[in-house]
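Here are the chains, one letter per residue:
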Amino acid sequence: MTALPEKTDKKLGLVIDLDTCVGCHGCVTACKGWNTQNYGAPLSDTDPYGADPGGTFLNRVFSYEAQAEGQPAQTVHMPRSCLHCDDAPCVTVCPTGASYKRSEDGIVLVNEDRCIGCGLCAWACPYGAREMDRDAGIMKKCTLCVDRIYNENLPEEDRVPACVRTCPSGARHFGDLGDPDSDVSKLVADRGGYDLMPDLGTKPVNKYLPPRAKDTLNTQPLEVIADEPQGFLGWLDKALEKL
Amino acid sequence: MHPAPSVIIFTTLSGLGFGLFFWLGLGVPDVSGGTAFAFFAIAYALSCAGLLASTFHLGNKKNAIYALSQWRTSWLSREGIAAILTLFLFALVAVPRIFLGAEMAISGVLGSIFALLTVFTTSMIYAQLKTIRRWHQPLTPVMFLLHALGGGALLAGEAKIAGWLLLALTLVLLAMWRIGDQRAAARGTTGDATGLAHLGEVRMLESGHTARNYVVDEMVYRVGRKHAAKLRMIALGLAGALPAAILLLTPPGHITAFLALALHLTGAVIGRWLFFAEAEHVVGLYHGK
Ligand code: SF4
Ligand code: SF4
Ligand code: SF4
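Chains are numbered independently. Their residues run from 1 in the order of the written sequence. As they are written, the chains are lettered A onward and the ligands numbered 1 onward, keeping that order. Thresholds applied to this predicted model are a pLDDT of at least 70 for local features of residues and 80 or more for the giving and counting of side-chain atom pairs; totals over whole chains, interfaces and linings are not thresholded and use all residues. The side-chain values count all of the structure's non-hydrogen atoms but skip hydrogen atoms and water molecules.

Points about the side chain of A:Thr202
Then comes step 1: Structurally, the position occupied by A:Thr202 is in the loop between helix H6 (183-191) and strand S11 (207-209).
Then comes step 2: We call two residues in contact when some of their heavy atoms are within 4.5 Å. Those residues in contact with A:Thr202 that sit more than four places away from it in its chain are A:Cys85, A:Asp86, A:Asp87, A:Ala88, A:Pro89, A:Pro126 and A:Tyr127. Runs of E in the DSSP output that reach at least two residues are strands. Runs of H or I that reach at least four are helices, and both are numbered from the N terminus.

Section: the interface of chain A and chain B
Then comes step 1: At the junction of the two partners, chain A supplies 58 residues and chain B supplies 54 residues.
Then comes step 2: Each of two parts loses accessible area, computed with a 1.4 Å probe, when they are put together; buried area is these two losses added. Between chain A and chain B, a total of about 4600 Å² is buried, with carbon and sulfur atoms accounting for 59% of that surface.
Then comes step 3: For B:Arg203, the salt bridge identified is with A:Glu65, shortest N-O distance 2.9 Å.
Then comes step 4: Polar contacts here mean pairs of N or O atoms no more than 3.5 Å apart (in protein, one a potential hydrogen donor and the other a potential acceptor; neighbouring residues in sequence count only if both atoms are side-chain atoms). Summed over the shared surface of chain A and chain B, the number is 24 residue pairs in polar contact (both at pLDDT 80 or more).
Then comes step 5: For the side of chain A that touches chain B, the secondary structure elements donating two or more residues are strand S3 (54-55), strand S4 (60-67), strand S5 (74-80), helix H3 (120-124), strand S8 (131-133) and strand S9 (138-140) of chain A.
Then comes step 6: For the side of chain A that touches chain B, the element with the most residues is S4(A), which contributes eight residues. A pair is scored as a salt bridge if a Lys or Arg side-chain nitrogen falls within 4 Å of a carboxyl oxygen belonging to Asp or Glu.

Notes on the nonpolar core
In a soluble, globular protein the nonpolar side chains are often hidden away together inside.
Then comes step 1: Formed by 130 residues in total, the largest nonpolar core has its most connected members in A:Trp123, B:Phe40, B:Tyr126 and B:Trp135.
Then comes step 2: An automatic or database domain assignment supplies the start and end points of every domain. Residues lining this core come from more than one domain, with at least three contributed by each of domain 1 (1-128) and domain 2 (159-289) of chain B.
Then comes step 3: Setting aside anything within four residues of it in sequence, one finds B:Tyr126 in contact with A:Trp123, B:Val7, B:Phe10, B:Thr11, B:Trp135, B:Phe144, B:Phe275 and B:Phe276.
Then comes step 4: Core analysis: the next-biggest nonpolar cluster, separate from the first, contains six residues, A:Val15, A:Leu177, A:Val188 and A:Leu209 among them. The nonpolar core is taken to be a set of buried Ala, Val, Leu, Ile, Met, Phe, Trp, Tyr and Cys residues, with the residues joined through side-chain atoms within 4.5 Å. Buried means the residue's accessible area, taken with a 1.4 Å probe over protein chains only, is under 20% of the maximum for its type, while exposed means over 50%, and partly exposed covers the values in between.

Focus on the domain arrangement of chain B
Residues and elements named next belong to chain B.
Then comes step 1: By the assigned domains, chain B splits into domain 1 (1-128) and domain 2 (159-289).
Then comes step 2: Averaged C-alpha coordinates put domain 1 and domain 2 at centres separated by 24 Å.
Then comes step 3: With 10 residues of domain 1 in contact, the opposing surface of domain 2 contributes 16 residues.
Then comes step 4: Carbon and sulfur atoms make up 77% of the surface buried where domain 1 meets domain 2, a total of about 1300 Å² over both sides.
Then comes step 5: For the pair domain 1 and domain 2, the number of links is zero salt bridges.
Then comes step 6: For the side of domain 1 that touches domain 2, the leading source of residues is helix H1 (residues 5-25), giving six residues.
Then comes step 7: Among the residues forming the side of domain 1 that touches domain 2, the class breakdown is seven nonpolar, three polar and no charged. Each residue gets one of three labels, nonpolar for Ala, Val, Leu, Ile, Met, Phe, Trp, Tyr, Cys and Pro, charged for Asp, Glu, Lys and Arg, and polar for the others, Gly among them.

Comments concerning the layout of surface pockets
Leftover empty space is mapped by rolling, across the atoms, a probe with the size of a water molecule.
Then comes step 1: The way it works is a 1 Å grid over only the protein atoms, where trapped points that fit a 1.4 Å probe form a cavity and open points with protein on both sides within 12 Å along at least five of seven lines form a pocket, and then any residue with an atom within 4 Å of a point lines it. Grid points are joined across faces, edges and corners, and a volume is the space filled by probe spheres set on the points. In this structure, the largest pocket occupies an estimated 520 Å³ of space.
Then comes step 2: Contributing to the lining of the largest pocket are 25 residues, with B:Ser54, B:Thr55, B:Leu58, B:Leu76 and B:Glu79 lying nearest its centre.
Then comes step 3: Mapped onto the lining of the largest pocket, the elements with two or more residues apiece are H3 of chain A together with H1, helix H2 (33-55), helix H3 (75-100) and helix H4 (107-127) of chain B.
Then comes step 4: Of the residues forming the lining of the largest pocket, the biggest block, six residues, is contributed by H3(B).
Then comes step 5: For the lining of the largest pocket, the per-class residue count stands at 18 nonpolar, six polar and one charged.

Quick look at the structure:
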């Protein structure tokens with residue numbers, strides 16, 4: 001049913017550290033690998049070796065540059081996948097009941113046997129977290145690796161999402177954000193973890209940890225040293241001008 | 001948003017069809033027998049063609065039956081149910097009127113109410129989306145309803161009523177664009193969306209993909225914004241102002257009504273294309289757009 005549960009027993013989700021993420025796209029690849037071989041329709045690639053390749057991903061890493069007046073610029077890598085919102089608009093708009101939020105752990109999933117591929121849920125998601133698979137015609141989204149985290153056939157250390165397991169810089173954390181004493185909740189409290197676009201009222205479960213404040217270096221942004229070339233270069237410049 | 005032809009055809013034609021149903025339910029025009037048959041056939045053809053077109057953009061049609069199940073939360077589901085109920089109710093209106101020259105008590109008015117409800121549910125599919133601020137305003141349903149009522153009155157041959165409704169549509173379109181522009185402009189920046197605004201000015205350095213993908217194709221579509229101002233004026237003139245002027249200022253006749261209808265339809269399709277193509281989705285902010 002696309003009615004949201006009144007409350008969920010747990011709020012499983014990810015905490016992503018924007019200070020540590022190096023933008024290697026390891027999580028993107030691990031996510032695609034795991035989710036192509038396991039739950040649901042594979043994540044297709046269209047025209048993968050041709051002129052116009054495309055494909056479905058459940059997680060993508062964007063890189064941004066932030067620059068304050070008179071300061072050097074800084075790069076921030078921001079992975080984005082489904083935030084498993086508490087008030088998930090993607091779920092309530094779904095006409096078929098394919099999209100649902102689990103009351104036991106808060107994971108938002110798509111039941112592929114009901115989805116008609118109308119795409120309305122992707123329109124309702126502010127974060128671009130849902131992608132229609134062009135081959136299967138079915139909506140795909142992050143499953144929080146529901147087929148890993150409870151999977152007793154896997155060694156215990158592997159019972160975390162593929163992206164978390166693979167992240168070489170330890171920038172991704174998985175846990176219960178509904179329990180204030182969990183490691184992830186403490187991390188969020190310590191580091192001032194925040195919601196993406198909170199004004200849209202989606203109440204995301206996933207949190208982002210902001211980049212730590214940088215040392216203030218005394219380096220200024222590069223100044224222009226000479227507008228007019230001098231000496232030999234100056235002569236060359238003039239000579240070329242005359243040509 | 002990507003202006004998919006199937007959705008443009010669907011919303012325009014089915015709106016017109018249900019608009020005609022609305023008037024027929026009220027007994028406007030008051031016809032029976034073969035003439036009634038012709039009117040009902042047009043209404044059924046338009047609404048069914050529209051509904052059929054709407055299934056073209058579904059990725060997985062075989063599950064379509066489930067789309068009627070989530071009426072408690074989903075406007076899309078409500079629309080499906082309302083449309084089917086309306087089509088069914090009008091069978092109860094049309095059959096007695098065509099073949100018996102008689103009227104089933106209340107079913108006509110009830111049908112009209114459901115016809116409007118169907119158009120309203122269609123409009124709410126778009127108006128409910130907080131992610132598309134331009135659409136998320138009360139004038140969106142008003143615009144859809146006026147299209148249906150005005151176009152429907154035109155088809156029903158009610159020239160003067162249609163004229164006034166299309167005049168109202170003209171004003172509503174103007175207001176809707178004005179409010180939409182303000183709402184879209186207040187959408188925020190890449191800094192707000194990423195929550196990094198405290199670090200300074202934020203711009204996208206690299207997107208999370210080197211190729212096309214669904215989100216970009218579907219929601220970061222920008223072609224419509226280039227000629228938006230011109231297209232708006234064309235849509236406004238063709239869908240609203242010109243037919244309204246023809247209908248209100250010239251004596252009623254088949255030729256003027258036909259001309260008004262042709263103009264209105266062309267304008268409605270352009271306006272609907274613009275409705276999608278112009279709409280900016282907040283996810284665009286993550287793409288620096
Ligand atoms: S991030 Fe998007 S897809 Fe995930 S729950 Fe929130 S609204 Fe739905
Ligand atoms: S695409 Fe599938 S999951 Fe999304 S709203 Fe449509 S039916 Fe529901
Ligand atoms: S939790 Fe699993 S599905 Fe979600 S982004 Fe990580 S690897 Fe992908």
